[in-house]
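Reading the structure
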Amino acid sequence: MAGSVAAVEAAYPASVDVNRSAFNPPCDRDANFTIPKMQAAAKAAYARLGHASEDYTGAQFTRAATLNRTAADWGYYVHSHGDYYWHAADGRRYTGFREDSGDCTQAVVFSKDIKAKRAGRQSNLVFVSTCHAADSNATLPDAFAIAKTKSSDGVNQGPEFYVGYLGVQWDGDEWIFEQRFWNALAGGKAVGTAFDVAMLGAFDHAAFDADWWGTYGWSGVAGPWTTCKLCS
């Protein structure tokens, strides 16, 4: 049994990319003790959902490394600086996030780069823990082949769900949200219900907001419909 479980997990990898350098000296003035908690919680959550979950930070979280892994990933979590960044060669903007790279230079990973590497392949749970990740003009959902629609009430768009933050947000509020979200999933809630639970209660800043796209009633379990236990 243990061997078969390991084989299933290996079939559905999930990467957890966390930019620690940007939020700590010398890149930032103050030490940040919240981000390692976010990293550990995300890695554990993806493992509970049936993914082969691995986390990366510092020199392991570079633009090149992320793009090399993404073609195989079914699940993805990233915590970093994010924005609607200008792409000079294309003369337009894309949603993206900063690599860690273990220094303060930190190149942007653009949505267009991820989209090219993934080439339309299916995603499961994608959690982009950055500013502007779920703004109305966000281009990252499309990079992971997740339509920017909300499917509920018996309608589904497959075993996929994208979560991100609206506008500029703070690590403290994001950590509050993420703890609630992961705990609700661990308690057997569907992804959409877990999102609603995570939005309940107080945050440090009244302007905190997040959004989602995907299948509200999906269980979050790794893999296509044929391997999901609670898909609806």
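As the structure is a prediction and not an experimental result, all values here were calculated from the model. (Residues numbered from 1 in each chain as written. Predicted model: local features only at pLDDT ≥ 70, side-chain atom pairs only at ≥ 80, totals over all residues. Heavy atoms only, no water.)

What follows is about the sheet that holds strand β5 (residues 92–98). Taken in spatial order, the three strands line up as β4-β5-β6 in an open sheet, and their pairing is antiparallel. With one partner strand each, in any of the chains shown, β4 (82–87) and β6 (108–110) form the two edges of the open sheet. Across the sheet, the mean angle separating the axes of adjacent strands is 50° when strand polarity is ignored. In this sheet, β5 lies alongside β4 in antiparallel orientation, the contact comprising six bridges. Counterpart to H87 in the pairing with β5 is R92. (Pairing = 2+ DSSP bridges. Helix = DSSP H or I, 4+ residues; strand = E, 2+ residues; numbered from the N terminus. Axes fitted to C-alpha atoms, helices over the stretch in contact; angles between N-to-C directions.)

Quick look at the confidence of the model for the chain now. Mean pLDDT for the chain: 92, with 93% of residues reaching 70 or above. Under a pLDDT of 50 for its full length, residues 1–7 has, in the predicted model, zero contacts with residues more than four places off or in other chains. (pLDDT = per-residue confidence, 0-100. Contact = heavy atoms within 4.5 Å.)

This next bit is on the packing of helix α3 (residues 63–70) against helix α4 (residues 111–118). Across the interface, α3 lies against α4 with an axial gap of 8 Å and an inter-helix angle of 35°. Every pair of crossing elements has a handedness; the one defined by α3 and α4 is right-handed. Between α3 and α4, the contacting residues are R63, L67 and T70 on the first element and D113, I114, K117 and R118 on the second. (Left-handed = near helix turned anticlockwise from the far one by under 90°.)

Once that is clear, we can look at the nonpolar core. Formed by 33 residues in total, the largest nonpolar core has its most connected members in Y77, L125, F127, F161, F177, F181 and W182. For this core, the secondary-structure elements that each account for two or more residues are β1 (13–18), α2 (35–48), β7 (125–129), β9 (161–165), α6 (171–186), α7 (191–199) and β10 (210–215). F177 has contacts with F127, V163, Y165, F195, A198, M199, F203, F208 and A210, leaving out every residue within four places of it along the chain. Among the nonpolar cores identified, the runner-up in size contains 18 residues, and Y76, A143, I146 and W213 belong to it. (Core = buried A, V, L, I, M, F, W, Y, C linked by side-chain atoms within 4.5 Å. Buried < 20%, exposed > 50% of the residue type's maximum accessible area, 1.4 Å probe, protein only.)

Attention now moves to the pairing of β5. Two successive antiparallel strands, β4 and β5, enclose a turn made up of four residues, where G91 displays a positive phi of approximately 65°. In this sheet, β6 lies alongside β5 in antiparallel orientation, the contact comprising three bridges. Counted as the bridge partner of R98 is V108 from β6.

This part covers the packing of aromatic side chains. Each aromatic ring pair is described using two quantities: the centre-to-centre distance and the angle formed by the ring planes. Under the criterion given, the structure shown has 22 aromatic pairs. With centroids separated by 5.6 Å and ring planes inclined at 55°, the aromatic side chains of W212 and Y216 adopt a geometry described as tilted. On the basis of relative accessible area, Y216 is assigned to the partly exposed category, the value being 23%. Three or more aromatic residues link up through ring pairs in this structure, and these residues are Y46, Y77, F127, Y165, F177, F181, W182, F195, F203 and F208. Its guanidinium or amino end placed over the ring of Y56, R69 lies 3.7 Å from that ring's centre, counting from NZ or CZ. Across from the ring centre of F203, 4.7 Å away, lies the NZ or CZ of R180, which sits over that ring. (Phe/Tyr/Trp six-rings, centres within 6.5 Å; stacked < 30°, edge-to-face > 60°. Lys NZ or Arg CZ within 6 Å of the ring centre and 35° of its normal.)

Taken as a whole and judged by the stated rule, the model has seven salt bridges. A salt bridge links K112 to D90; the shortest N-O distance between them is 2.7 Å. You can see K112 sitting in helix α4 and its partner D90 sitting in the loop between β4 and β5, a full 22 residues away along the chain. Judged by relative accessible area, K112 falls into the partly exposed class, the value being 28%. The partly exposed category is assigned to D90, whose relative accessible area is 33%. As a salt-bridge pair, K150 and D211 come within 2.6 Å of each other at their nearest N and O atoms. One end of the pair, K150, is in strand β8 (residues 150–151); the other, D211, is in strand β10, with 61 residues separating them in the sequence. Look at K150 and you get partly exposed, because its relative accessible area is 43%. (Salt bridge = Lys/Arg side-chain N within 4 Å of Asp/Glu carboxyl O.)

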